[in-house]
Number of protein chains: 2
Amino acid sequence: MSSAPSADPEAGDAGLARTPAPPYYAVIFTSRRTADDAEGYAATADRMVELAAQQPGFLGVESVRDADGLGITVSYWESEDAIAAWRRHAEHTAARDDGRARWYAGFELRVARVERAYGRENRQDWGQSTFPPVATSASGDPEGNVL
Amino acid sequence: MSSAPSADPEAGDAGLARTPAPPYYAVIFTSRRTADDAEGYAATADRMVELAAQQPGFLGVESVRDADGLGITVSYWESEDAIAAWRRHAEHTAARDDGRARWYAGFELRVARVERAYGRENRQDWGQSTFPPVATSASGDPEGNVL
């Protein structure tokens with residue numbers, strides 16, 4: 001679906017997903033890659049993001065992996081039902097079963113309900129002119145964060 | 001507090017936070033760094049994680065930034081009150097006000113309630129022998145994720 005936002009795993013729009021006002025859902029996937037099969041992993045990861053972006057209820061994805069192989073991918077969804085449907089998707093299921101054993105030294109997956117969101121971007125620093133000045137905000141107030 | 005888990009921003013325990021069974025809260029902070037002041041940023045970020053780990057209700061943190069400056073930090077908290085208290089912490093407030101303008105080309109912060117969690121680690125791949133084989137699980141069932 002071309003209307004799905006932020007389908008690029010390396011994070012189009014400079015990496016921040018353009019999500020609507022809360023509430024919505026987040027799947028937080030933290031993982032440590034093995035050193036094996038970088039090419040196979042990259043191809044499958046790209047394909048899964050492409051496929052996820054086509055699913056009903058997909059809102060966006062943010063994904064970062066560092067040189068040590070530690071990665072965090074957060075995908076955003078309209079509802080728990082949308083997450084459940086994606087979980088049951090046949091190609092996704094096959095990739096997941098195949099991939100988790102081979103590619104990950106470990107992972108942790110958390111499903112969470114986003115209650116509030118707050119953002120800011122300096123337009124001059126972004127490549128995407130349609131990205132709103134303030135992405136989403138339930139309260140308008142900055143929230144606590146590690147930084 | 002030495003009892004706080006996973007205080008290392010570069011993610012002791014190979015990067016995955018050892019969180020308790022849900023429910024608990026997650027602060028998902030996605031950001032794009034400017035190219036400025038790498039040293040000042042790193043020092044403050046380290047200090048903020050050290051400080052966060054001393055706060056009541058802190059459960060852990062996972063943090064990744066890639067070579068392009070895109071980063072995701074997820075901190076975990078027992079309650080919304082714990083998040084609110086950390087937000088009001090004086091040194092944190094000063095660092096945040098000072099740092100956000102200077103260090104970030106853009107950011108998005110989301111506060112979410114973690115409903116379910118599922119994990120796996122291959123003990124032989126981890127440096128930390130006390131990390132449990134299955135980190136946390138509400139249902140025992142794998143959930144959908146981008147991969």
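Computed from a prediction, not measured in an experiment: that's the story for all the values here. (Residues numbered from 1 in each chain as written. Chains lettered and ligands numbered in written order. Predicted model: local features only at pLDDT ≥ 70, side-chain atom pairs only at ≥ 80, totals over all residues. Heavy atoms only, no water.)

Some thoughts on the overall build of chain A
Right, on to step 1. Counting its secondary structure elements, chain A contains three helices and four strands.
Right, on to step 2. Going residue by residue from the N terminus, the α and β elements of chain A occur as β-α-β-β-α-α-β.
Right, on to step 3. The contacts of chain A with a sequence gap of at least 6 include a subset with a gap of at least 24, amounting to 71%. (Helix = DSSP H or I, 4+ residues; strand = E, 2+ residues; numbered from the N terminus. Contact = heavy atoms within 4.5 Å.)

Focus on the UniProt feature "domain: ABM" (unreviewed entry) in chain A
Right, on to step 1. As annotated by UniProt and renumbered to match this structure, "domain: ABM" (unreviewed entry) occupies residues 25-111 of chain A.
Right, on to step 2. Along residues 25-111 of chain A, the helical share is 44% and the strand share 38%, with 7 Å between the first and last C-alpha atoms. (UniProt positions renumbered as here; feature names shortened; annotations may be inferred.)

What about the nonpolar core?
Right, on to step 1. Core analysis: the biggest nonpolar cluster contains 28 residues, and Ile 28, Val 74 and Tyr 76 of chain A together with Ile 28, Val 74 and Tyr 76 of chain B have the highest contact counts within it.
Right, on to step 2. Those elements that provide at least two residues to this core are strand 1 (24-33), strand 2 (58-65), strand 3 (70-77) and strand 4 (104-121) of chain A together with strand 1 (24-33), strand 2 (58-65), strand 3 (70-77) and strand 4 (104-121) of chain B. (Core = buried A, V, L, I, M, F, W, Y, C linked by side-chain atoms within 4.5 Å. Buried < 20%, exposed > 50% of the residue type's maximum accessible area, 1.4 Å probe, protein only.)

Focus: the environment of Gly 71 of chain B
Right, on to step 1. Here Gly 71 of chain B is to be found in strand 3.
Right, on to step 2. Note on Gly 71 of chain B: relative accessible area 2%, which makes it buried.
Right, on to step 3. Along the primary structure Gly 71 of chain B and Thr 30 of chain B are separated by 41 residues, whereas in three dimensions their C-alpha atoms are 5.7 Å apart.
Right, on to step 4. Residue contacts for Gly 71 of chain B: discarding those within four places in its chain leaves Val 64 of chain A together with Phe 29, Thr 30, Ser 31, Val 64 and Arg 65 of chain B.

Considering unusual backbone geometry
Right, on to step 1. Pro 22 of chain A connects to Pro 23 of chain A through a cis peptide bond whose omega is 5°.
Right, on to step 2. Note on placement: Pro 23 of chain A falls in the segment before strand 1.
Right, on to step 3. Its identity as a non-glycine residue notwithstanding, Asp 37 of chain B has a phi of 55°, on the positive side.
Right, on to step 4. Considering the arrangement of structural elements, one finds Asp 37 of chain B in the loop between strand 1 and helix 1 (38-52).
Right, on to step 5. Relative accessible area serves as the criterion here: at 31%, Asp 37 of chain B is assigned to the partly exposed category.

Points about the environment of Ile 83 of chain A
Residues and elements named next belong to chain A.
Right, on to step 1. By the element assignment, Ile 83 lies in helix 2 (residues 80-88).
Right, on to step 2. Residue classification places Ile 83 among the buried residues on the basis of a relative accessible area of 1%.
Right, on to step 3. Between the alpha carbons of Ile 83 and Val 114 there is a distance of 14 Å; along the sequence they are 31 residues apart.
Right, on to step 4. Contacts of Ile 83, omitting those with residues within four sequence positions, involve Tyr 25, Val 27, Trp 77 and Val 111.

Considerations on the pairing of strand 1 of chain B
Residues and elements named next belong to chain B.
Right, on to step 1. Counting buried positions along strand 1 yields ten of ten residues, so the element is predominantly enclosed.
Right, on to step 2. Burial along strand 1 is two-sided: the face carrying Tyr 24, Ala 26, Ile 28, Thr 30 and Arg 32 and the face carrying Tyr 25, Val 27, Phe 29, Ser 31 and Arg 33 are both buried.
Right, on to step 3. With eight bridges joining them, strand 1 and strand 3 adopt antiparallel strand pairing. Bridged to Phe 29 within strand 3 is Thr 73. (Pairing = 2+ DSSP bridges.)

Focus: the pairing of strand 3 of chain A
Two faces belong to every sheet, and in a regular strand the side chains alternate between them.
Residue and element names in this part refer to chain A.
Right, on to step 1. In terms of burial, strand 3 is a largely internal element, eight of the eight residues being buried.
Right, on to step 2. Here strand 3 shows no split at all, with Leu 70, Ile 72, Val 74 and Tyr 76 on one side and Gly 71, Thr 73, Ser 75 and Trp 77 on the other all buried.
Right, on to step 3. Hairpin connection of strand 2 to strand 3: four residues between the antiparallel strands, including Gly 69 at a positive phi of 95°.

What about the pattern of salt bridges?
Right, on to step 1. Across all of its chains, the model carries 14 salt bridges over all chains by this definition.
Right, on to step 2. Taking the shortest distance from any N to any O, the salt bridge between Asp 37 of chain A and Arg 102 of chain A comes out at 2.9 Å. Taken as a pair, Asp 37 of chain A in the loop between strand 1 and helix 1 (38-52) and Arg 102 of chain A in helix 3 (residues 90-103) lie far apart in primary sequence, 65 residues in all.
Right, on to step 3. Exposure remark for Arg 102 of chain A: the relative accessible area of 35% places this residue in the partly exposed category.
Right, on to step 4. In this structure, Glu 115 of chain B engages Arg 113 of chain B in a salt bridge whose closest nitrogen and oxygen atoms are separated by 2.8 Å.
Right, on to step 5. Take Arg 113 of chain B: its relative accessible area is 27%, and that puts it in the partly exposed class. (Salt bridge = Lys/Arg side-chain N within 4 Å of Asp/Glu carboxyl O.)

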